[in-house]
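If you want the building blocks of each chain, they are given just below.
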Amino acid sequence: MDDAALVERYLEHQRVERRLAARTLALYQADLAKLRAHAEAVPVALVAVHNAHIRRWVAQMHGGGRSGRGIALILSGWRGFYTWLGREGLVAANPVQDVRAPKSGKPLPKALGVDEAVQLAEFSSEADDPWLEARDAAMVELLYGAGLRVAELTGLDVRASGTARGWIDLDAGEAHVLGKGSKRRSVPIGASATSALKAWLALRGDGATLNPALFVGRHGTRLTSQSIWQRLRRRSQLAGLATPVHPHMLRHSFASHVLQSSGDLRAVQELLGHANISTTQVYTRLDFQHLARAYDAAHPRARRKSGG
């Protein structure tokens, strides 16, 4: 049986026996078309492919710019094909079994520039409902001014209690939050956040006896993370920012800007509530990118000489 017939037989098996969706079958077919193309270039029959071939093809794909994740998906398709060939008695060993894709570098978190973050924090919409405007402004100040996760923000109550996951202490200027792994931490909140919270609480009213949540909707129920995402996206667009902002982007911006100003990685780790310093170290890469852009823009030796 030639390679084309072998692939068709495998795809028919996947369609009939495993009842895979047409979209999934199309992806399998595309992966196996790549395998056949590599094999034909050697040339070698699919049943004669061995481990060295697979490793060479992985290196070629990686050298051609394909991401580690993309290669891993292709290898998964190839691995399944050779597993089936083994069950059919057509190959003695799976040549893909111990081959792994190159590791992809973790993408850097997206953060706003200082000017953009300040633009968002200082934005005010006179056309908006004053009640919603005050609430959303306070949320932005806490997300950017204290670096809270959105789940920590939704968990805040107006005041401390035996059942509160988190709360605000305006007198002390602190937010007490329940972070990942049920770890509690206290985060300082600045003058801007304090002022915004006071304005919000004045309009919110004393409904805390019915619902203790700091941030509530019109019906008095605690805001969900999804609601905050939607409100923040809307606010960033009204403020004229080019990129729609989400809550974690403000947390990244908080961390990056504090690190740029202080250079104190340990302090940023504590403020963010990271268990390991390695998690916080990603912001040193963001900080370096900021410095590199400043260097490229300002240093006379960074600019290329014009031709001519």
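What counts and what doesn't
- Residues numbered from 1 in each chain as written.
- Predicted model: local features only at pLDDT ≥ 70, side-chain atom pairs only at ≥ 80, totals over all residues.
- Heavy atoms only, no water.
- Helix = DSSP H or I, 4+ residues; strand = E, 2+ residues; numbered from the N terminus.
- Buried < 20%, exposed > 50% of the residue type's maximum accessible area, 1.4 Å probe, protein only.
- Contact = heavy atoms within 4.5 Å.
- Areas by Shrake-Rupley, 256 points an atom, 1.4 Å probe, with all protein chains shown as cover.
- Salt bridge = Lys/Arg side-chain N within 4 Å of Asp/Glu carboxyl O.
- Pairing = 2+ DSSP bridges.
- Polar contact = N/O pair within 3.5 Å; in protein donor to acceptor, adjacent residues only side chain to side chain.
- pLDDT = per-residue confidence, 0-100.
- Phe/Tyr/Trp six-rings, centres within 6.5 Å; stacked < 30°, edge-to-face > 60°.
- Core = buried A, V, L, I, M, F, W, Y, C linked by side-chain atoms within 4.5 Å.
- Expected span 1.5 Å × (residues − 1).

Brief notes about the overall build of the protein
Scanning the protein for helices and strands turns up 13 helices and four strands. Expressed as a percentage of the 308 residues in the protein, the buried residues total 41%. A separation of at least 24 residues holds for 57% of the contacts in the protein among residues at least 6 apart in sequence. Surface accessibility of the protein: about 17,300 Å² in total, with carbon and sulfur atoms responsible for 52%.

Considering the pattern of salt bridges
Within the structure shown, the criterion is met by 13 salt bridges. The partner of R55 in a salt bridge is D98, and the shortest N-O contact between them spans 3.5 Å. Of the two residues, R55 is situated in helix α3 (residues 51-63) and D98 in the loop between α4 (68-87) and α5 (114-122); the sequence distance between them amounts to 43 residues. The class for R55 is partly exposed, based on a relative accessible area of 40%.

Some thoughts on the pairing of strand β3 (residues 174-178)
Note that strand β2 (residues 166-169) and β3 share three bridges and pair antiparallel. Bridging from a neighbouring strand, D169 pairs with E174 of β3. The hairpin formed by β2 and β3 contains four residues between the paired strands, and G173 there has a positive phi angle of roughly 70 degrees. Relative to strand β4 (residues 184-188), β3 is paired through five bridges, and the arrangement is antiparallel.

Section: the side chain of E133
Structurally, E133 can be placed in helix α6 (residues 130-146). Taking the relative accessible area as the measure of exposure, E133 reaches 10% and is therefore buried. A polar side-chain atom of E133 sits 3.1 Å from a polar atom in the side chain of R235. Every residue in contact with E133, bar those within four places of it in the chain, is listed here: F123, S124, S125, D128 and R235.

Some remarks on the sheet that holds β4
Paired through backbone hydrogen bonds, the strands of a sheet run either parallel or antiparallel to each other. Strand order in the open sheet made by the four strands is β1-β2-β3-β4, with mixed pairing throughout. Both edges of this open sheet fall to β1 (156-157) and β4, since each of them pairs with a single strand only.

Looking at the pairing of β4
Covered by surrounding structure in β4 are R185 and V187 only, the residues R184, S186 and P188 on the alternate face being uncovered. Remark: five residues form the turn of the hairpin made by β3 and β4, two consecutive strands paired antiparallel; G181 in that turn has positive phi of roughly 70 degrees.

Things to note about the confidence of the model for the protein
Interpreting fine coordinate detail is not advised for predicted regions of low pLDDT. Averaged over every residue, the pLDDT of the protein is 86; the share at 70 or more is 88%. For the protein, per-element mean pLDDT is lowest for helix α13 (residues 282-298), which scores 53, and highest for β1, which scores 95.

Let's talk about the packing of aromatic side chains
Per the stated rule, a full pass over the model turns up seven aromatic pairs. With centroids separated by 4.9 Å and ring planes inclined at 75 degrees, the aromatic side chains of W131 and W200 adopt a geometry described as edge-to-face. Note that W131 is positioned in helix α6 and W200 in helix α8 (residues 191-204), a separation of 69 residues in sequence. Since its relative accessible area comes to 12%, W131 is described here as buried. Judged by relative accessible area, W200 falls into the buried class, the value being 0%. On the basis of an interplanar angle of 20 degrees and a centroid distance of 6.3 Å, the ring pair of W200 and F215 is categorised as stacked. Placement of the pair is W200 in helix α8 and F215 in the loop between α8 and α9 (225-238), with a sequence separation of 15 residues.

Looking at the nonpolar core
Among the nonpolar cores identified, the biggest contains 48 residues, and L142, L153, L214, F215 and L250 are the most heavily contacted of them. In this structure, L6, Y10, F81 and Y82 belong to the second largest nonpolar core, which totals 25 residues.

So, α6
With 17 residues, α6 extends 23 Å from end C-alpha to end C-alpha; this agrees with the ideal 24 Å at 1.5 Å per step. Summarising burial for α6: 15 of the 17 residues are buried, a large majority. Of the residues that open α6, the one with a side-chain oxygen 2.8 Å from the backbone nitrogen of W131 is D129. G147 lies just past α6 and shows a positive phi near 70 degrees.

Description of unusual backbone geometry
P43 follows V42 through a cis peptide bond whose omega is -5 degrees. Note on placement: P43 falls in the loop between α2 (22-41) and α3.

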